[in-house]
Amino acid sequence: MEITANWYLILSAVLFSIGVVGLLIRRNPLVMFMCVELMLNAVNLSFVTFSNALNDVGGQVAVFFVLVVAAAEVVVGLAVIVAIMRRRPTATADDLSVLAG
Amino acid sequence: MVDIIVFVVSAAIILTGAIGVIAARNPVHSALMLVMTLFGVAVQFVAQEAHFLAAVQVIVYAGAIVILFLFVIMLLGVDKAEELDVGRLTAQRPMAFLAGAGVLASVLVSLLAGDESITGAREVGRAIIGGEDEADFRQIGRLLFTDYVLAFELTAILLTIAVVGAVMLARRVRGEAVDADTYLPEQARRRRIRETPVLLRTPVVETSDDMAEANSGGGE
Amino acid sequence: MSLTSLLAFTEAPAEIVTSPVDDLVFLIPLFPLLGFVALLIGGRKLGEPMAGWLATAACGGAFAMTLVVFAELVSRDYTQRSINQTLFEWVPAGEFSVDIGFLADPLSIAMALFITGVGTLIHLYSIGYMHGDVNFSKFFLYLNLFVAAMLLLILGDNLLLTFLGWEGVGACSYFLISFWFTKDANATAGKKAFVTNRIGDWGFMVGIFATFFTFGTINYVDLTDGAMEGVAQSTITAISVLFFIGAIGKSAQLPLYVWLPDAMAGPTPVSALIHAATMVTSGVYLMTRLNPFLAASADWVPSMIAWVGVGTALFAATIAVAQNDIKKVLAYSTVSQLGYMFLAVGVGAYTGAIFHMITHAFFKALLFLGSGSVIHGMHDEQDMRKMGGLKKFMPITAATFIVGWLAIAGVPPFSGFWSKDEILVFAWNENPGLYVVGLITALLTAFYMSRQVFMTFFGEPRFAHSGSEAAHGVEGHGEAGEMAEVGAGGAAGELAESSAGGAGTALATTSAAVATMDADPGDGDHADHHGDDHAHAGDPHESPWTMFVPLIVLSIAAIVAGGLNLPFTKDLHFLEHWLEPVIHENEAKLGFKGGTKWVLALIAIAAGAIGMMAAAAVYLKGRVDPAKIELPVLAKGWGLDAAFSSFMGGPGRWLFAFLAWFDANVIDGIVNGTAALTSGGGSLLRRFQTGYLRNYAFGLSIGAIATVAYFISRTAL
């Protein structure tokens, strides 16, 4: 038996789905953020897989950019969370619903 | 055979970590589980000849991002157990699993569609050349500074902006404005928080007890 | 740049002259505007008479500025007499760009000169006339605003700016007609003027749209004869007719003249300034300014203008014969004279039109101010049947009024003769039919004006006046005595007026008693001195100096203004030479020799003489019963006004009711329905905005699934 690209891609799909479920069921904004990281990793994994399978290094470059943007996003996102948490230390994502129409 | 073992083990690590992230009651545990997943992904990168990315994955993700998460958790003192009940959105959990299943199904269907390409993507012909001289990071570097140089520079600007924005967002402003309409001095006193404004609409009265309790447990 | 295009018809494109005055044109309308603003802010504080003096100074400043610009233009070479100053871009909208810019060329400056000049005099006059009015400063505020708007109309370098002034003078006209708005009739007259003018404004507006659509510009300097080339004649004809509709409304021609006689409800200085000298002539100005349009449109357009003009002239003159209100006669006379100006425009005698406009401004302002003086002296009596013999009581008013009468009746060498004669000569040149109607009108004009003068100033007094005439001893006073008379008499009369104006029961004796006590400190000793004479203030009296000085100045102008364009030799055609850069080739040329001219002039003189003699026979000698001439149908203005009302009250009303229904249900229904739809849709959609982050995340994942599902389905099918 040989490990084909499909194995990696299925793993990536499962990882992504776990991230989705986590994002939807957790209420702690920090954990929700981690779930987003999970999904990004799933995508990165599929990028590398395709890069390897299609013999194209462009996929790896895409991963590089995803990493950079993820880093920037985490920095800003965490700063937002800090700003919120400083005012309301116990807030969950559900408590922050002031934008309700 | 070795590669199967590597794959299975790393996949197990990844999935265990991922489930751990979404299932752990304590955010610190979630963060540690996330590190586990990231390491598993790094292993799979290596398995697919992406050595540079594997290294970056460990250094940036595990080394920087997760550490940042932990910093924030410790700084805010929210490293207490979160009740995993459904909360206010009662239908959210079944719908979440439904959505997860939907995503999984749609991706799997597109994978198993066979030879037909779902998105119409084709290789673009930047072949990975084996050998010592043409290591993957060499090729990535060449691409970054030729074809993707504009995007690369833009990410530099993006990072700068992100840093500045983070500083602006997170810094403590002296005499921070308090929205008088929403500031509830009663609750603030009960929670023994001085000069910490309550943000806008506070939770309904029934949860305020929990929060006060949780807060005192968290330690200021 | 624009200067050269304006002068494109000249042979050698001379170099552009610049001078510091180029940048000062905007000051002309700015002065009265500043006066308006100052009065708006501090008018009530200033009170009487400072508010009036401020307004007069503002208008005088504009006059001085106009003189400066005029002197600059005169000093220039004939081809360079145009200053185009652009202040800033007003409406930048794609290709459509309108500047706040002023065009000082011979036409606009000629008009600005008499507008500011006559305007200043009327401001001065108003200080006396409006004495004691509760809204004294408000009156001058409106007057200043009017002058500013009128100057904007004249000096604006594009149609839109002219339209702005056009609407501005219309609004001021409305304010001033219904100045004494507590009386229902005055308010109604104001509304009538406003609504009737709107009909004309419609034509003007659509004309502007059509001009821009056709030529891509609304700047006068670009709308030259050259611009007309290559444009379909039917288009230009349509535009000309639209502008003519605008001019009809503003200049009170048939059939839209009905508002002007009613506009006499306003204070008399307003009638003089707005409804005789300036505003009503803006239609003639517009036609003159747009002479390239008329020249390039179909031949029937100028003919139509001429016939409408001469028709209005005759029509209004017949009505004027039967009017008994001193101001109504002058109002119909104004309509008639404006008809002459349109006749002149129609036959291509633009110079004649402007010439008559200027002389008319002088003598009609003079007549109106004189009638105001009479009304003032008669304590608000306007009915000529209750006057008579006033020349003994009001010598200065009478003398100046007689000058105005001779001018309008066409007696040489008074100014009216020259301008009217020029128009009639050109009318003969165009069509003898026009000439004959114009001549009959001239005869009628002489008749009704003579009738007015005879009824007012000559004959036996028909009002109840106490004491014998000898007791007055007004005639033969020395100068000082006359002044004193004026001072005390003016104060007494005005108080009587203000105390009893509305009630209409002037209790003369009591007012007089108050007046002697309350006379101005400066006039105090005079008042004492002449106290005996004025024990009976019910008698007519001469007006204060602020009122008769303008009368004297205007009467001098009415005598000599004919010198602007004497017909004897080419060298004496000052006005024609002056206006040539604006009108240039579109001025009609006479097709006959000088001899015919003299014959026509003699006929005109004869007609005037016949009219005056007829009037003398009827009203001085009493040989014919006036009732035979003053037919009721004429007094009612041929019933045209009533016909309008009955149409609008009858069939018209159904249309209005339908339109109101349509507006309330269909138009409002669409608007309200749109609003209801939007707000309903919004409140439906707002339910999706729960504010819960996780709900949004769920929406995102559903979207992601749907996207992938779409791609899958596309491949599978």
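Residues numbered from 1 in each chain as written. Chains lettered and ligands numbered in written order. Predicted model: local features only at pLDDT ≥ 70, side-chain atom pairs only at ≥ 80, totals over all residues. Heavy atoms only, no water.

Caption draft 1: Quick peek at the overall build of chain A. Scanning chain A from N- to C-terminus turns up three helices and zero strands. Relative to its 101 residues, chain A shows a buried fraction of 67%. Taking the intrachain contacts of chain A between residues at least 6 apart in sequence as the baseline, contacts between residues at least 24 apart amount to 58%. Roughly 2,900 Å² of accessible area belongs to chain A as shown, and the carbon and sulfur atoms make up 72% of that amount. (Helix = DSSP H or I, 4+ residues; strand = E, 2+ residues; numbered from the N terminus. Buried < 20%, exposed > 50% of the residue type's maximum accessible area, 1.4 Å probe, protein only. Contact = heavy atoms within 4.5 Å. Areas by Shrake-Rupley, 256 points an atom, 1.4 Å probe, with all protein chains shown as cover.)

Caption draft 2: Here's a closer look at the overall build of chain C. In terms of helices and strands, chain C carries 30 helices and two strands. In chain C, which comprises 717 residues, the proportion classed as buried is 56%. In the structure as shown, chain C presents an accessible area of about 28,400 Å², 68% of it carried by carbon and sulfur atoms.

Caption draft 3: Representation of the pairing of strand 2 (residues 96–104) of chain C. All names here are of chain C. Taken together, the nine bridges between strand 1 (residues 83–93) and strand 2 define a ladder with antiparallel strand orientation. Across the sheet, Glu89 pairs through a bridge with Asp99, a residue of strand 2. Between strand 1 and strand 2, which pair antiparallel in sequence order, lie two residues; one of them, Gly94, sits at a positive phi of approximately 60°. (Pairing = 2+ DSSP bridges.)

Caption draft 4: View of the interface of chain B and chain A. Facing the 93 residues of chain B at the interface are 72 residues of chain A. Taking both sides of the interface into account, the surface hidden between chain B and chain A amounts to around 8,000 Å²; carbon and sulfur atoms contribute 72%. Joining chain B to chain A, the criterion identifies zero salt bridges. Going through the elements one at a time, helix 1 (2–23), helix 2 (27–47), helix 3 (51–76), helix 4 (92–111), helix 5 (136–144), helix 6 (149–170) and helix 8 (205–218) of chain B are the ones with two or more residues in the side of chain B that touches chain A. Take the side of chain B that touches chain A: its biggest share by element is twelve residues, from helix 3 of chain B. The residue inventory of the side of chain B that touches chain A, partitioned by class, reads 63 nonpolar, 14 polar and 16 charged. (Buried area = accessible area lost by both parts, 1.4 Å probe. Salt bridge = Lys/Arg side-chain N within 4 Å of Asp/Glu carboxyl O. Nonpolar A, V, L, I, M, F, W, Y, C, P; charged D, E, K, R; others polar.)

Caption draft 5: Structural context of unusual backbone geometry. A cis geometry characterises the amide bond from C:Leu254 onward to C:Pro255, with omega recorded as 0°. With respect to the helices and strands, the residue C:Pro255 is situated in the loop between helix 8 (233–250) and helix 9 (259–262). At B:Glu49, a position not held by glycine, the phi torsion is positive, near 70°. Examined against the element boundaries, B:Glu49 turns out to sit in the loop between helix 2 and helix 3.

Caption draft 6: How the structure looks around the pattern of salt bridges. Residue and element names in this part refer to chain C. Per the stated rule, a full pass over the model turns up six salt bridges over all chains. Note that Glu167 is salt-bridged to Arg198, the shortest N-O span being 2.6 Å. Taken together, the residues span a long stretch of sequence, with Glu167 in helix 5 (residues 159–177) and Arg198 in helix 6 (residues 184–215) at a distance of 31 residues. Each of Glu167, Arg198 and Asp201 takes part in a single network of salt bridges with overlapping partners.

Caption draft 7: Up close: the interface of chain C and chain A. Listed by partner, the interface residues are ten residues for chain C and 14 residues for chain A. Across the chain C to chain A interface the summed buried area is about 970 Å²; carbon plus sulfur atoms make up 60%. For the chain C face of the interface with chain A, the top three residues by lost area are C:Gly691, C:Tyr692 and C:Arg694, together amounting to 53%. For the pair chain C and chain A, the number of links is zero salt bridges. Here chain C is connected to chain A by two residue pairs in polar contact (both at pLDDT 80 or more). Taken together, the residues of the side of chain C that touches chain A break down into four nonpolar, four polar and two charged. (Polar contact = N/O pair within 3.5 Å; in protein donor to acceptor, adjacent residues only side chain to side chain.)

Caption draft 8: Highlighting the packing of helix 2 (residues 29–54) of chain A against helix 2 of chain B. Contact geometry of helix 2 of chain A with helix 2 of chain B gives a least axis separation of 10 Å together with a crossing angle of 5°. By the angle between their axes, helix 2 of chain A is roughly parallel relative to helix 2 of chain B. Where helix 2 of chain A approaches helix 2 of chain B, its residues A:Val31, A:Met34, A:Glu37, A:Leu38, A:Asn41, A:Asn44, A:Leu45 and A:Val48 are matched on the opposing element by B:Pro27, B:Ser30, B:Ala31, B:Leu34, B:Thr37, B:Leu38, B:Val41, B:Gln44 and B:Phe45. For the contact of helix 2 of chain A with helix 2 of chain B, the residue count by class is eleven nonpolar, five polar and one charged. (Axes fitted to C-alpha atoms, helices over the stretch in contact; angles between N-to-C directions. Parallel < 35°, antiparallel > 145°, perpendicular 65-115°, else oblique.)

Caption draft 9: Up close: the side chain of C:Asp105. The topology assignment puts C:Asp105 in the loop between strand 2 and helix 3 (106–129). Among residues more than four places away in sequence, those in contact with C:Asp105 are C:Leu73, C:Arg81, C:Ser82, C:Arg289 and C:Val582.

Caption draft 10: Spotlight on the confidence of the model for chain C. Looking at chain C as a whole, its pLDDT mean stands at 80, while 87% of the residues score no less than 70. This model gives residues 467–537 of chain C a pLDDT under 50, and the stretch forms 73 contacts once residues within four places in sequence are excluded. (pLDDT = per-residue confidence, 0-100.)

Caption draft 11: Region of the structure containing the packing of aromatic side chains. In this structure the tally under the stated criterion is 36 aromatic pairs over all chains. Relative to A:Phe65, the ring of A:Phe64 has its centre 5.7 Å away and its plane inclined at 70°; by these criteria the two rings are edge-to-face. What links up through ring pairs into an aromatic cluster is the set C:Phe136, C:Phe139, C:Phe140, C:Tyr142, C:Tyr174, C:Phe175, C:Phe179, C:Trp180 and C:Phe194. A cation over a ring is seen here: C:Arg289 above C:Tyr220, with NZ or CZ 5.2 Å from the ring centre. (Phe/Tyr/Trp six-rings, centres within 6.5 Å; stacked < 30°, edge-to-face > 60°. Lys NZ or Arg CZ within 6 Å of the ring centre and 35° of its normal.)

Caption draft 12: Layout of a nonpolar patch on the surface. All names here are of chain C. Residues Phe647, Met648, Leu655, Phe656, Phe658, Leu659, Trp661, Phe662, Ile667, Ile670 and Val671 make up a contiguous nonpolar surface patch of about 1,100 Å² in total accessible area. Those elements giving two or more residues to the nonpolar patch turn out to be helix 28 (640–649) and helix 29 (651–685). Element by element, the count of residues in the nonpolar patch is highest for helix 29, at nine residues. Topologically, Phe662 is positioned in helix 29. (Patch = residues over 30% accessible without salt bridge, like charges linked within 9 Å, V, L, I, M, F, W, Y side chains within 5 Å.)

Caption draft 13: Summary view of the packing of helix 2 of chain A against helix 1 of chain B. Axis separation between helix 2 of chain A and helix 1 of chain B bottoms out at 9 Å; the angle between their running directions is 155°. Taken together, the axis directions place helix 2 of chain A and helix 1 of chain B in an arrangement best described as roughly antiparallel. The element helix 2 of chain A and its partner helix 1 of chain B pack so that their crossing is left-handed. Seen from helix 2 of chain A, the contacting residues are A:Val31, A:Met34, A:Cys35 and A:Leu38; seen from helix 1 of chain B, they are B:Ala18, B:Val21 and B:Ile22. Classifying every residue of the contact of helix 2 of chain A with helix 1 of chain B by side-chain character gives seven nonpolar, no polar and no charged. (Left-handed = near helix turned anticlockwise from the far one by under 90°.)

Caption draft 14: View of the environment of B:Leu111. If you trace the backbone, B:Leu111 turns up in helix 4. The residues contacting B:Leu111, other than those within four sequence positions of it, are A:Leu9 and A:Ile10.

Caption draft 15: Representation of helix 1 of chain B in the model. End to end, helix 1 of chain B covers 31 Å across 22 residues, agreeing with the expected 32 Å (1.5 Å per residue, within 8%). By the burial criterion, the buried members of helix 1 of chain B are B:Ile4, B:Phe7, B:Ser10, B:Ala11, B:Ile14, B:Gly17, B:Ala18, B:Gly20, B:Val21 and B:Ile22. On its buried side, helix 1 of chain B packs onto helix 1 (5–25) and helix 2 of chain A together with helix 2 of chain B. (Expected span 1.5 Å × (residues − 1).)

Caption draft 16: Inspection of the side chain of C:Ser419 at higher detail. Residues and elements named next belong to chain C. With respect to the secondary-structure elements, Ser419 resides in helix 17 (residues 415–430). The class of Ser419 is buried, set by a relative accessible area of 0%. If near-sequence neighbours (up to four positions away) are discounted, Ser419 is found in contact with Phe355, His356 and Thr359.

Caption draft 17: Here's a closer look at helix 13 (residues 300–321) of chain C. Between its first and last C-alpha atoms helix 13 of chain C spans 31 Å; for 22 residues at 1.5 Å apiece the expected length is 32 Å, and the two agree. Of all the 22 residues making up helix 13 of chain C, 16 are buried; the element is thus mostly covered by neighbouring parts of the structure.

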